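Inside the fold
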Amino acid sequence: MSFEIVHTFGFTVYFVFLLFFVWVSRFEKTSPGAGWWALAICFALLARLLLFLILPSNNTHPATFAYAFFIVLEKPFLLTGLARFLRLQIRERWFWLAAAVAELWIILAWSTDAPPLLRSIGYTIVNAGFQFYIAWLAWRHRREVPGGVLMLTAAASLALGLHWLLAPYIIALEPAWFRNGFVLGSMLVLIKYSSLLAALLLRFQQRLVDAEAKAMGMAFLDPLTGLKNKRYMETLFDHALLLATRPHQLVAVFYIDLDNFKPINDNAGHAVGDEVLKTVATRLQSHTRSTDICARVGGDEFIVIGTQLEDAEQAYDIARKLLGQLTTQIPVSGASYALGASIGISLYPKHGTSLTELIERADRAMYQVKRNGKGGYVIYDTRAPGADAA
Ligand SMILES: Nc1nc2c(ncn2[C@@H]2O[C@H](COP(=O)(O)OP(=O)(O)OP(=O)(O)O)[C@@H](O)[C@H]2O)c(=O)[nH]1
């Protein structure tokens, strides 16, 4: 490949990356780093451009000087970008100090016309050191970005570090390697910047997904108990779940209202009341199937939807089990509290085919238990006073 083609390809790709980084840095809520990486790639681009413009003059001296000078400047920007992106508490001034020492070396070595190997050794060590440090940081924090892209950053940086250390010796032994080394280095640089760009975009996407999940959680979960809330039952509950039951199977809706919860609040305080409600939620959840739904729909009111029941008798068994759990003393901060519960039950499809209908009938059945002295369970009965005509 000719010198011009290699470089033109290199500039174009670097320039596109520069635009990408600038573009991504302008997204609101993007992790920091993109702006620093845009600056870093600017220096890599500038170094290449100068090499391209000066080298054809057949005087390699100013070309390699300019290249060395600008390629060193890329590194502290690159590392600062990574430190900011990963929110690392590291002393960034050491990056700039190392870069300043390398620049001083370059100026002194070139102005005193030191032999090529001596000229390059100072800045190749600093460049390689930066690359190894980037590789180590990216590897250490590889789990913080999905998709393992930071592992790619680490691998490309490690390879670039080795490249920087070995290339001057290889070129001294085999001058024809200069162009191959340049192409190889450019490829590794591109892999590294691609992985950093991917890391930015993946983290951006991860934050969106997390924010969405949090918003959904806040909207449809009860903040105290972590159970589903009333809004979930009204808007998100999948009615198809009820209908998905196999033939000859039932779904039972249990409307649970705690008995004598108010005195706990009044005597022991709201905070203890809250702990009691949390224990109730845990007990309901741990004594129902994972396919069942547990929700808190009011202060001390809960709904459990039991799916795939064989017969109505099984609904009684569940109600008995839940009642047993709720009447077992609840320990909070060294004291123990006694509760009771009134449970009304409705069955799909016998008492309704929509969740609203089933909840309303289970609620009525629950009130029947309350009226009869609390502490029990009953299945909705169309013949009971206040029930709809069958
Ligand atoms: N600690 C706590 N209490 C709550 C919360 N939400 C509602 N409550 C209280 O729960 C109580 C519910 O009232 P009731 O259902 O009449 O109380 P109860 O003693 O169980 O009455 P019965 O159902 O007739 O047995 C009220 O005192 C509300 O203030 C909450 O999030 N935390």
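Placed above this text is the structure.
Everything in this summary refers to the structure shown in the same document. (Residues numbered from 1 in each chain as written. Predicted model: local features only at pLDDT ≥ 70, side-chain atom pairs only at ≥ 80, totals over all residues. Heavy atoms only, no water.)

This next bit is on the site of the ligand. Close contacts around the ligand come from 17 residues, with K262, N265, D274, R296 and K370 the closest. For the ligand, an oxygen atom lies 2.8 Å from a polar atom in the backbone of K262. Here an oxygen atom of the ligand sits 2.9 Å away from a polar atom, N or O, in the side chain of D300. With the chains in place, 68% of the 660 Å² that the ligand exposes on its own is no longer accessible. (Near = heavy atom within 4 Å. Polar contact = N/O pair within 3.5 Å; in protein donor to acceptor, adjacent residues only side chain to side chain. Areas by Shrake-Rupley, 256 points an atom, 1.4 Å probe, with all protein chains shown as cover.)

Following Y348, the chain continues to P349 via a peptide bond in cis, the omega torsion being 5 degrees. Unusually for a residue other than glycine, K374 sits at a positive phi of about 65 degrees. Here K374 is to be found in the loop between α13 (355-371) and β7 (376-379). (Helix = DSSP H or I, 4+ residues; strand = E, 2+ residues; numbered from the N terminus.)

What follows covers the nonpolar core. With 60 residues, the main nonpolar core has F17, F21, W37, Y123 and Y193 as its most contacted residues. Counting only elements with at least two residues in this core, the list comes to α1 (3-25), α2 (34-54), α3 (60-85), α4 (93-111), α5 (116-140), α6 (149-173) and α7 (177-220). When residues in this core are grouped by element, the largest group, 12 residues, is from α3. When neighbours within four sequence positions are excluded, W37 is seen to be in contact with F21, F77, L78, G81, L82, F85, Y193, L196 and L200. (Core = buried A, V, L, I, M, F, W, Y, C linked by side-chain atoms within 4.5 Å. Buried < 20%, exposed > 50% of the residue type's maximum accessible area, 1.4 Å probe, protein only. Contact = heavy atoms within 4.5 Å.)

Before going further, it helps to spend a moment on the layout of surface pockets. Volume-wise, the largest pocket comes out at about 820 Å³. Of all the secondary structure elements, the ones that give two or more residues to the lining of the largest pocket are α2, α3, α5, α6 and α7. Taken together, the residues of the lining of the largest pocket break down into 19 nonpolar, 10 polar and four charged. Each pocket or cavity is described by its volume, and for the second largest pocket that value is around 200 Å³. Along its surface, the second largest pocket is lined by 11 residues, and M233, E234, L355, T356 and I359 are the ones closest to its centre. Sorting the residues of the lining of the second largest pocket by element identifies α8 (230-236) and α13 as the ones contributing at least two each. Of all the elements, α13 adds the most residues to the lining of the second largest pocket, at four residues. (1 Å grid on protein atoms, 1.4 Å probe; cavity = no way out; pocket = protein on both sides within 12 Å on 5 of 7 lines; lining within 4 Å. Points joined across faces, edges and corners; volume = space filled by probe spheres on them. Nonpolar A, V, L, I, M, F, W, Y, C, P; charged D, E, K, R; others polar.)

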